[in-house]
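Fold and geometry: a report
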Amino acid sequence: MTPRAADRARYDRATAHLDAPVAIVDLEAFDANADDLVRRAAGKPIRVASKSVRCRALLDRVLARPGFAGLMSFTLAESVWLARAGFEDVLLAYPSADRASFAELTSDPKLAGAITVMVDDPAQLDLVDRARERDGLEVRVCLELDTSLQLLGGRVRVGARRSPLRSPGQLAELARSVDRRPGFRLVGLMAYEGHVAGVGDAVAGSPLRSRAIRLMQAAARKELAARRAEVVRAVRAVVPDLEFVNGGGTGSVQHTAAEAAVTEIAAGSGLYVPRLFDNYTSFSGRPAALFAQPVVRRPGVGVVTVLGGGYPASGAAGPDRLPVPYLPEGLRYDPQEGAGEVQTPLLGSAADDLLIGDKVWFRHAKAGELCERFEELQLVEGDRVTAAVPTYRGEGRTFL
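Summarised in this report is the structure supplied together with it. (Residues numbered from 1 in each chain as written. Predicted model: local features only at pLDDT ≥ 70, side-chain atom pairs only at ≥ 80, totals over all residues. Heavy atoms only, no water.)

Attention now goes to the overall build of the chain. Scanning the chain for helices and strands turns up 12 helices and 19 strands. In summary, the chain has a C-alpha radius of gyration of 22 Å against a globular reference of 21 Å for 400 residues, a match within 12%. In terms of overall dimensions, the chain has C-alpha extents of about 70 × 45 × 35 Å along its principal axes. Across the chain, contacts joining residues at least 24 apart in sequence account for 69% of those joining residues at least 6 apart. Accessible area of the chain: about 17100 Å², with a carbon and sulfur share of 51%. Counting 51 positive and 50 negative side-chain charges, the chain places the centres of these two groups 4 Å from one another. (Helix = DSSP H or I, 4+ residues; strand = E, 2+ residues; numbered from the N terminus. Rg over C-alpha atoms; globule rule 2.2 N^0.38 Å. Contact = heavy atoms within 4.5 Å. Areas by Shrake-Rupley, 256 points an atom, 1.4 Å probe, with all protein chains shown as cover. Lys, Arg positive; Asp, Glu negative; His and termini not counted. Charge placed at Lys NZ, Arg CZ, Asp CG, Glu CD.)

Here is the structure:
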């Protein structure tokens, strides 16, 4: 029996009492992935990206482990909810225009002390001030640096379009603006290199493309390390007691941790290890989060149909955004139908061994987006479900 076949047998036994669709997290794999992230971070604390987990019970679990400290949230409303639930260090990774949540943040000392908001434009500070319902509370602020690699005088750009701030001078200017503005305190700097951390460099069947990605990433890491160090020096010249400099992501943990200017690493997807994180030369993880769909039809030889399963991930549309049939091995989509909203035909010799009611296990393309489809995650230890915990959706929270 192959390791994957053994996992399938465990998962089937563990969930035999549960009807599919069902989602699980294999705790042994989850914990092993957490340990690997800590190893790669080489002593620097890891701030957990909540959007990649979207389950408070599992956020609690990973933060209880040595090497992890603090959360990186994705909306201000989520930040407020998490802080009220007892999480004491929440960095909002994206600017917000949520006036109601800003009003709540600026009227509650507990929230103001726990949440740090993201800024890359003075107009975002104006939004906070217009929402204030109470004077005297300082809002903690983090600045974001644009990490994109720009070539040919900026005519070629590689990386996400995030902050407009690239140079040490631009960051220092905004740092001075925050520092002299009443009601705000600059505490951090963030730089997320998504074109390194979130892009696999070993694309199956594409050696030339993989080589090009590795060359690009090597150049991007070198350029960013030098520029990030200069930016940190410039910002610390304005605010010497800056609390943190955050960088990285699951795919670049060890590279970012090697930079002296960086004080903490962000990561989250590496806990679940979705399919988009299969194609890296720098690390390998264990798939920990899976979902199962039930076989409901057998249309013919080498074909079964499962209920639903069309859960595409965000980003530029393409085959890599679809869940992948994982267990049993050897199943693939019908190219005429793909992953369907209400039914998904699957092809392959493995289909002939499946019966009506059997489970087919899938891996989502991304990590936390799986939790938008399920109210509960079944936590599997060995061949038993030891707990069922709510996702954000299961707690009635859908923030985006």
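Applying the stated rule across the entire model yields 13 aromatic pairs. A centroid spacing of 6.3 Å and a plane angle of 80° characterise the contact between Phe 74 and Phe 399, whose relative ring orientation is edge-to-face. With a gap of 325 residues between them, Phe 74 in the loop between β3 (68-73) and α4 (76-84) and Phe 399 in the segment after β19 (384-390) connect regions that are remote in the sequence. For the pair formed by Phe 74 and Phe 399, the shared burial category is buried. (Phe/Tyr/Trp six-rings, centres within 6.5 Å; stacked < 30°, edge-to-face > 60°. Buried < 20%, exposed > 50% of the residue type's maximum accessible area, 1.4 Å probe, protein only.)

With that settled, the discussion passes to the sheet that holds strand β4 (residues 90-92). One closed barrel accounts for 8 strands, arranged β2-β3-β4-β5-β6-β9-β10-β11; its pairing is parallel. Taken pair by pair, the neighbouring strands of this sheet meet at an average axis angle of 30°, ignoring direction. By the bridge criterion, 4 bridges tie strand β5 (residues 115-119) to strand β6 (residues 139-144) in an arrangement that is parallel. Looking at β6, one finds that Met 118 is bridged to Cys 142. Packed on one face of the sheet, helix α8 (residues 168-179) meets β5, β6 and β9 (184-191) and runs near 170° to β6. Against the sheet, helix α10 (residues 207-238) touches β9 and β10 (244-247), its axis set at about 175° to β9. (Pairing = 2+ DSSP bridges. Axes fitted to C-alpha atoms, helices over the stretch in contact; angles between N-to-C directions.)

A separate point is the side chain of Ser 148. Mapping Ser 148 onto the fold places it in the loop between β6 and β7 (149-151). Discounting residues that sit within four places of it in the chain, Ser 148 has contacts with Arg 157, Val 158, Gly 159, Ala 160, Arg 166, His 195, Glu 223 and Arg 227.

By themselves, these figures tell us nothing about what the structure is for.
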